[in-house]
Structures are given as C-alpha cells and as structure tokens.
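# Chain and residue survey
Below are the chains, spelled out letter by letter.
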Amino acid sequence: MLEKLLTEQPNPASASIDTLPTEDALRIVNAEDGKIAAAVEREIPAIARAVDAAVAAIEHGGRLFYLGAGTSGRLGVLDASECPPTFSVPPEMVQGIMAGGEAALSRATETTEDDPAIGVRDLLARGFTERDVLVGITASGRTPYVLGAVAEANRMGAVTVGLSCSPDSELARAVSIAITPLVGPEVVAGSTRMKAGTAQKLVLNMLSTGTFIRLGYVYGNLMVNVQPKNVKLVDRARRIVTQAAGVTYERAGELMAESGNSVRVAILMGKTGVGREAAERRLAAAGGRISKALE
C-alpha cells in the first residue's frame, strides 16, 4: 500500500544525489524546494475556507486544534505555540496535539501513530467539542492516529480539515475541508520532513495568520494585540502606535498610558481624537477590528 503513495515514490531528479559534489546535491534540494510554493498556491481556496471556519468557531467560543504524528505533529505544535507570543492570545485558543505527547517532540515515538483509538483519546483529553475546528495533519493522508481523531470530530459534528500531500487520500475523503498540496516525491525517498513538511508549515502559517488577521489582531500589517509586558514589547507597542496612528513616538507613549496600555485603543484614540471610553466602545462594537471601528 505505502509504495503507491506519492510521498513514498523515488524522485528521478535526485537518483544519483549520493555521488554528486556537495554544492550540486544542494542545488537539487533547492530546485525541488522551489516547487513547494506553487503547490500550496493551488490550495489557497481550500485554505481560505479553513480560515473562515476557524474564525467562525473562535467568534462563537470555539478553538482551533492541530493534530498529527511525527513531523506533521511537531509542525502543528510549533504553529500553535507561536500564536500566543505573536498575537497575545490564550494558549488554549490554538492547540497542537502530538502522537506520543510532549516526549515525542524531541524523541521519535512512531508506534503511537498506528492506533486510531489513541488519536480519539488525545483529542477528548483536551476537551474538544463540536464548537471547535480540528486540522488533521499527515503527509500520507493515511495515519490511523489522525484518522481516528477526525472520525470522532466528525461524529460530534465539528468542522474537520485535512492537510495531506497525497492525492485522493483517505484523510481528504474524510474531512469537511481537504487541503492537499501535491509537492511530489521527496529528494530522499519517503523523507516527508522535507518538501511535504515545508508545504505543511506554509499552510499552517496561512491558517493561523489568516485567522487572526480576520479576527482583527492585525491592522494594516501590524500586530496590534501586543501586550507591553517587558522593555522590548513596550518599545514595539509604541512604534506600532506611532506608525498606525501617524503620531510621534512621544505621543504614542502618552496614548498608551491614556489607553490603559491597549495598542488598539491607543491607535483609535490617536486617529480619531476620542477618549479612551469612546474608543473602547467603538472597538467593542466592531468586534475589536480597528478598520471597522474607524468606519
């Protein structure tokens, strides 16, 4: 069965890579990597549907979950762990679930990926409900751990997303939204940490970033939910207010103090001249989105 998977096929471009000088071998790797962005681009309509589903879920009290094994699981945990420092959201809002748990992040424990019941157990242990969105990640599209969790989420009536790199995979057929960047055979046959893993990372970047853009955590291209908890973040917050509101760095500091250290409130105050309470009311009515509040 495995030998028929696209991700397991030998790559003609790298058939003699072990005999080549280092630079030539690396050029083959680089050329193959160059195909990844186009494969992801073809999946943007599906990625957009997944983003919209995640936004709707979070707006109604749900959460976004990534679940996978091996490289796929590690990538999901990585993307989830980057959301709190980037967007200042609670760690519960985006969660990564990895076959084998935390120990598997640094030490491979592939045996757990063959049991669908463990996938169900791990999902339920996080309190997953029908209000949440589950993104199952597996390059092959057939990992039992992921398929078990997806089946349980489907049973609940939750939105399920499948991220795989094999055409017409079992995962793609099982989910509400299938994202399938077809990057082709790996430079080292079957080593899906390479092209498939890179494609998955790009898609996960889009999913989380797109979700928080749509939720109002970005204004223009600025992170406007920065929490100024240390010297670096205080400076970053003031620079964001300076740029977004078109005020001096000194005035940005004053606005931050007047706003209760809320970057979004400070920006709205600086651009409109209203006080803190009025700015807070506008933002609340606009769901926290500065662009909408300015209308």
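Residues numbered from 1 in each chain as written. Predicted model: local features only at pLDDT ≥ 70, side-chain atom pairs only at ≥ 80, totals over all residues. Heavy atoms only, no water.

## Re the pairing of strand β4 (residues 159-163)
Rules: Burial classification: accessible surface area is computed with a 1.4 Å probe over protein chains only, and a residue below 20% of its type maximum counts as buried, one above 50% as exposed, and the rest as partly exposed. Only DSSP runs of H or I with at least four residues qualify as helices, and only runs of E with at least two residues qualify as strands; both kinds are numbered from the N terminus onward. A pair of strands is considered paired only if DSSP assigns at least 2 bridges between the two.
Taken across its five residues, β4 has four buried, putting it largely inside the fold. With five bridges joining them, strand β3 (residues 133-137) and β4 adopt parallel strand pairing. Its bridge partner lying in β4, Ile-137 is registered against Leu-163. Strand direction decides the pairing type here: β4 and strand β5 (residues 177-179), joined by three bridges, are parallel.

## Digging into the pattern of salt bridges
What counts is decided by this rule: Salt bridges, as used here, are contacts in which a Lys or Arg side-chain nitrogen is within 4 Å of a carboxyl oxygen on Asp or Glu.
In the structure shown here, the tally under the stated rule is 12 salt bridges. With a shortest N-O distance of 2.9 Å, Glu-23 and Arg-27 are connected by a salt bridge. Here Glu-23 and its partner Arg-27 are both found in helix α1 (residues 22-33), four residues apart, which amounts to about one turn of the helix. For Glu-23, a relative accessible area of 51% gives the class exposed. Arg-63 is paired through a salt bridge with Asp-132; the nearest N and O atoms lie 2.8 Å apart. Within this pair, whereas Arg-63 is found in the loop between α3 (44-59) and β1 (64-68), its partner Asp-132 is found in the loop between α5 (116-125) and β3, the two being separated by 69 residues in sequence.

## Comments concerning the packing of aromatic side chains
In this description, an aromatic ring pair is defined by two values, namely the gap between the centres and the angle between the planes. Note the following rule: Side-chain rings of Phe, Tyr and Trp, where Trp is taken by its six-membered ring, are said to pair if the distance between their centres is within 6.5 Å; with planes under 30 degrees apart they count as stacked, over 60 as edge-to-face, and otherwise as tilted. In this analysis the charged atom, NZ for Lys or CZ for Arg, is taken to sit over a ring once it is within 6 Å of the ring centre and within 35 degrees of the ring normal.
Using the criterion set out here, one finds three aromatic pairs in the structure. Taking the centre distance of 5.2 Å and the plane angle of 70 degrees together, the rings of Phe-65 and Phe-128 count as edge-to-face. Taken together, the residues span a long stretch of sequence, with Phe-65 in strand β1 and Phe-128 in the loop between α5 and β3 at a distance of 63 residues. Overall, Phe-128 belongs to the buried group, its relative accessible area being 5%. A ring pair is formed by Phe-87 and Phe-212, whose centres lie 4.8 Å apart and whose planes are at 25 degrees; its orientation type is stacked. Of this pair, Phe-87 sits in helix α4 (residues 70-87) while Phe-212 sits in helix α8 (residues 195-214), placing them 125 residues apart in sequence. Phe-212 matches Phe-87 in its accessibility class, with the two residues each being buried. One aromatic cluster is present, formed by Phe-87, Phe-212 and Tyr-217 through successive ring pairs. The ring of Tyr-217 has Arg-264 lying over it, and the distance from NZ or CZ to the ring centre is 5.1 Å.

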